[in-house]
Amino acid sequence: MKLTTRGHYSVKAMLDLSLQPVGSLSSVRQIAERQQLPAPYLEKLLIELRRSHLINSVRGAQGGYRLAKPAAQISLGQILEAVGESASAMTAVTSAMTAGRSKSSTPLQAEDWVTSMLWNRLNQKIQEAFHSISLEDLYYDARSWQAAQGEGASFVV
């Protein structure tokens, strides 16, 4: 399974916001610079995250973005869903296996059904895993990594 650029950048932005002092605001430009992301693309993702109530925005010269709720209450699955990402490993494989089959075509063979059910169960487990990993979990992993790198290390996901 591989995260798309859209999913990856969204997680990077959310993790960046979780690393900032509670209540502080970060502009698109600041997040983009810290995480080495293209600001115009990031801005579109932040709008989607705001619409999903994962972040809040404040307008104005001193405005910016911050988490809408504690990092412990935001899952990786919620972030990916907010930007329209699927957390399934092999959706294309299972769809391709059953696509084009009609009542007149050859019936789904037992091996095809077993493979399809296997991928469906694996996808379900992946979904559960993404929803069990909180932003706070990633935050502590990031802080541990920073500590291991030394005081001067900045965090880029």
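Described in the following lines is the structure provided in the data block. (Residues numbered from 1 in each chain as written. Predicted model: local features only at pLDDT ≥ 70, side-chain atom pairs only at ≥ 80, totals over all residues. Heavy atoms only, no water.)

What about the pattern of salt bridges?
Side chains that differ in sign of charge can pair as their charged atoms come close.
Logical step 1: Counting across every chain of the model gives four salt bridges.
Logical step 2: Residue Glu48 is joined to Arg6 by a salt bridge in which the shortest nitrogen-to-oxygen separation is 2.4 Å. Of this pair, Glu48 sits in helix α3 (residues 39-51) while Arg6 is found in helix α1 (residues 5-19), placing the two residues 42 residues apart along the sequence.
Logical step 3: By relative accessible area, which is 24% here, Arg6 ends up partly exposed. (Salt bridge = Lys/Arg side-chain N within 4 Å of Asp/Glu carboxyl O. Helix = DSSP H or I, 4+ residues; strand = E, 2+ residues; numbered from the N terminus. Buried < 20%, exposed > 50% of the residue type's maximum accessible area, 1.4 Å probe, protein only.)

Some thoughts on the nonpolar core
Logical step 1: Counting residues in hydrophobic clusters, the biggest one holds 29 residues, and the most contacted among them are Met14, Leu46 and Leu49.
Logical step 2: Looking at this core, the elements that each hand over two or more residues are α1, α2 (28-35), α3, β2 (64-67), α4 (76-82) and α7 (135-149).
Logical step 3: It is α1 that provides the largest number of residues to this core, a total of seven residues.
Logical step 4: With near-sequence residues (within four places) excluded, Leu46 lies in contact with Ala13, Val28, Ile31, Ile55 and Tyr65. (Core = buried A, V, L, I, M, F, W, Y, C linked by side-chain atoms within 4.5 Å. Contact = heavy atoms within 4.5 Å.)

Concerning α7
One turn of the α-helix equals 3.6 residues, which is why residues spaced by three or four share an orientation.
Logical step 1: Look at α7: 21 Å from first C-alpha to last across 15 residues, which is about the 21 Å you get at 1.5 Å a residue.
Logical step 2: Of the residues making up α7, those classed as buried are Leu135, Ala142 and Gln146. Burial along α7 is one-sided: seen end-on, the buried residues are contained in an arc of 40 degrees. In this structure, α7 carries Asp141, Ala147 and Ala148 as exposed residues pointing more than 90 degrees from its buried face.
Logical step 3: On its buried face, α7 sits against α1, β2 and α4. (Expected span 1.5 Å × (residues − 1). Arc of directions from axis to C-beta.)

Quick notes on the packing of α1 against α3
Logical step 1: Contact pair α1 / α3: the axes reach a minimum separation of 10 Å and the direction vectors enclose 75 degrees. The angle between α1 and α3 places the two elements in the roughly perpendicular class. Contacts between α1 and α3 pair Thr5, Arg6, Tyr9, Ser10, Ala13 and Met14 from the former with Tyr41, Leu42, Leu45, Leu46, Glu48 and Leu49 from the latter.
Logical step 2: Here the contact of α1 with α3 is composed, by residue class, of eight nonpolar, two polar and two charged. (Axes fitted to C-alpha atoms, helices over the stretch in contact; angles between N-to-C directions. Parallel < 35°, antiparallel > 145°, perpendicular 65-115°, else oblique. Nonpolar A, V, L, I, M, F, W, Y, C, P; charged D, E, K, R; others polar.)

Remarks on unusual backbone geometry
Logical step 1: Non-glycine residue Gln36 carries a positive phi angle of around 55 degrees.
Logical step 2: Relative to the helices and strands, Gln36 is located in the loop between α2 and α3.
Logical step 3: Residue Gln36 is classed as exposed on the basis of its relative accessible area of 64%.
Logical step 4: Phi at His53 takes a positive value of approximately 65 degrees, unusual for a residue other than glycine.
Logical step 5: Topologically, His53 is positioned in the loop between α3 and β1 (55-58).

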